[in-house]
Amino acid sequence: MRAAVSTGQFETTLAGSQAPGEPSPGGGDEGSTTLQDAELSVSRHGHTLMSVRLQPPPSTAATPAHRAELAVTSLAAPVDAPLCVADFGGRDPVNVILLGLFDTWTKRSWVYAYSLTGRGALVPLVHQDLGSPRGATVEAVAGHAILLTADNAFVYVFAPFAGSAPPVRVLSLHGQRFVNATRGYPSIVSKDARMWWHVYSSPGIGGSLGVLAAWVADECVLGKGHIAWATVRRLQAQGSLSSKVADGYPSGAAYVKALRSFLKKRGYCAS
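Residues numbered from 1 in each chain as written. Predicted model: local features only at pLDDT ≥ 70, side-chain atom pairs only at ≥ 80, totals over all residues. Heavy atoms only, no water.

Remarks on the sheet that holds strand β12 (residues 168-174)
Line of reasoning, step 1. Ordered by their spatial adjacency, four strands build an open sheet running β10-β11-β12-β13, and the pairing between neighbours is antiparallel. Bordering the open sheet on either side are β10 (137-141) and β13 (177-180), each of which pairs with just one other strand. Direction aside, neighbouring strands of the sheet carry axes that sit 40° apart on average.
Line of reasoning, step 2. Examined bridge by bridge, β12 and β13 share four bridges and lie antiparallel to one another. Following the sheet pairing, S172 is matched in β13 by V179.
Line of reasoning, step 3. Strands β11 (144-150) and β12 of the sheet are contacted by helix α1 (residues 186-201), whose axis makes an angle of about 160° with β12. (Pairing = 2+ DSSP bridges. Helix = DSSP H or I, 4+ residues; strand = E, 2+ residues; numbered from the N terminus. Axes fitted to C-alpha atoms, helices over the stretch in contact; angles between N-to-C directions. Contact = heavy atoms within 4.5 Å.)

Following this line, the structure appears as C-alpha cells:
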C-alpha cells in the first residue's frame, strides 16, 4: 500500500506490503490487513531525502507468541487517509506529519507524530496510545490542528460495549506529548452532549445507562453538572435508571453512586 501527503516542496510517503493479520484476543480479525516492512520517507522532486522504518507500538497485552502489528487507520477527515500534515500552532509552528496506526492485538489506536524540518528531515516527536479503538480525527480550529478522539475508559463500566458511549476528548500537541485540552473546546463538547442525549432519548434504541454516563460527563465539562445531576435524580425518581442488561451492571441508586464516583475519579465532575 502507499499513502502520501505534500507540504511545500516535500512529499512524505507511507509505504509497505500488506499481509493478513493474526487473530487478536477479541477475535474476528481473520480478514484484517496489517502492514509489513512499513516505512515513512521524505522526497523532493522525486529524490528521497530520508526514510524511517516504522516499528509496531509496544503491546502490553502481547505474549511472546503474539506481537503487535501495524494496521493503518484514518486520521484526516473527510479524506480517508492514515497520513496527514498538521500545524498545531504554538510560538514556533512546524509542520507535523501525523500517522494513524492500529494495534491489531490490543485493539488500540496510536498516533505517531514527526516534525518535518526545512531540510526535509523527519524528527520523532511522540508515539502515543490514544486509549481508544475509535482512533482520531484531525480538525482545524482557530487556525491550528487538534485531535478528536474519545475516552475509552467508559466502555464496559455501565453497560456492555454496544451500550457504552465514550465522551469526546480533544488532544493538543504540547512539546512531545498530546495533552487533554477538552475543556478548552466547549462547542465540540456541547455537540457531543447533544448527540448522546438524543441517543439516550431515542425510542426503542435509547435508555442505555452507558450513554447517559457520557452525557453527564460532557455536561460536567461544560460546567452544567448541577443540571445534569438534577436530571439524573429526576430519572431515578421516575424509575428510569434500571439496567437493561443482567450482567452485574449497576442500576437505580447504585448506578447514581457508581457514576458519581467514576466521574469524580476521571476528573469530569467535582462531586
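The discussion continues.
Topic: the confidence of the model for the chain
Line of reasoning, step 1. Residues at a pLDDT of 70 or more form 77% of the chain, whose mean pLDDT is 81.
Line of reasoning, step 2. Averaged pLDDT values over the elements of the chain bottom out at 63 in strand β5 (residues 70-72) and peak at 97 in helix α2 (residues 209-221).
Line of reasoning, step 3. Here residues 21-32 scores under 50 on pLDDT; set against residues more than four positions off or in separate chains, the count is 23 contacts.
Line of reasoning, step 4. Counted against residues more than four places away or in other chains, residues 60-68, with its pLDDT under 50, gives 14 contacts. (pLDDT = per-residue confidence, 0-100.)

Section: the nonpolar core
Line of reasoning, step 1. One finds L212, V216, W229, L241, Y255, L259 and L263 to be the most contacted residues of the largest nonpolar core, which totals 36 residues.
Line of reasoning, step 2. Counting only elements with at least two residues in this core, the list comes to β11, β12, α1, α2, α3 (225-237) and α4 (252-265).
Line of reasoning, step 3. Of all the elements, α2 adds the most residues to this core, at ten residues. (Core = buried A, V, L, I, M, F, W, Y, C linked by side-chain atoms within 4.5 Å. Buried < 20%, exposed > 50% of the residue type's maximum accessible area, 1.4 Å probe, protein only.)

Here's the deal with α2
Line of reasoning, step 1. In this model α2 runs 19 Å from its N-terminal to its C-terminal C-alpha over 13 residues, within 8% of the 18 Å that 1.5 Å per residue would give.
Line of reasoning, step 2. Within α2, 13 of the 13 residues are buried, leaving the element largely enclosed by the surrounding structure.
Line of reasoning, step 3. The opening residue of α2 is S208, an N-cap whose side-chain oxygen sits 3.2 Å from the backbone nitrogen of G210.
Line of reasoning, step 4. Positive phi shows up at G223, right after α2, with a value of about 80°. (Expected span 1.5 Å × (residues − 1). Polar contact = N/O pair within 3.5 Å; in protein donor to acceptor, adjacent residues only side chain to side chain.)

What to know about the side chain of D151
Line of reasoning, step 1. Here D151 lies in the loop between β11 and β12.
Line of reasoning, step 2. A polar contact of 3.4 Å, which involves the side chain of D151, links it to the side chain of R169.
Line of reasoning, step 3. Residues in contact with D151, not counting those within four places in the same chain, are P166, P167, R169, R266 and Y268.

Description of the packing of aromatic side chains
Line of reasoning, step 1. Within the structure shown, the criterion is met by eight aromatic pairs.
Line of reasoning, step 2. Centroid distance F158 to Y255: 5.4 Å. Interplanar angle 75°. Geometry classified as edge-to-face. On the criterion of sequence distance, the pair formed by F158 in the loop between β11 and β12 and Y255 in helix α4 is long-range, its members being 97 residues apart. Each member of the pair, F158 together with Y255, is buried.
Line of reasoning, step 3. Pairing W197 with Y200 gives two aromatic rings, centres 5.5 Å apart and planes at 35°, and the pair type is tilted. With W197 and Y200 both in helix α1 and three residues apart, this pair spans about one turn of that helix.
Line of reasoning, step 4. Residue classification places Y200 among the buried residues on the basis of a relative accessible area of 9%.
Line of reasoning, step 5. Through successive ring pairs, a cluster of aromatic residues spans F154, F158, Y255, F262 and Y268. (Phe/Tyr/Trp six-rings, centres within 6.5 Å; stacked < 30°, edge-to-face > 60°.)

Focus on the state of the cysteines
Line of reasoning, step 1. By the definition in use, this model includes one disulfide.
Line of reasoning, step 2. What pairs with C220 in a disulfide is C269, and their sulfur atoms sit 1.9 Å apart. Linking C220 and C269, the disulfide has an S-S dihedral of approximately 95° and is accordingly described as right-handed. A residue pair is termed long-range when its members are at least 10 positions apart, and C220 in helix α2 and C269 in the segment after α4 qualify at 49 residues.
Line of reasoning, step 3. A relative accessible area of 10% means that C220 is categorised as buried. (Disulfide = S-S within 2.5 Å.)

Quick look at the packing of α1 against α2
Line of reasoning, step 1. At a closest axis distance of 9 Å, the pairing of α1 and α2 adopts a crossing angle of 155°. Considering the angle they form, α1 stands roughly antiparallel to α2. Once α1 is placed against α2, the crossing between them reads as left-handed. Across the interface between the two elements, V189, D192, A193, W196, W197, V199 and Y200 of α1 pack against V211, L212, A214, W215, D218, E219 and V221 of α2.
Line of reasoning, step 2. A class-by-class count of the residues in the contact of α1 with α2 yields eleven nonpolar, no polar and three charged. (Parallel < 35°, antiparallel > 145°, perpendicular 65-115°, else oblique. Left-handed = near helix turned anticlockwise from the far one by under 90°. Nonpolar A, V, L, I, M, F, W, Y, C, P; charged D, E, K, R; others polar.)

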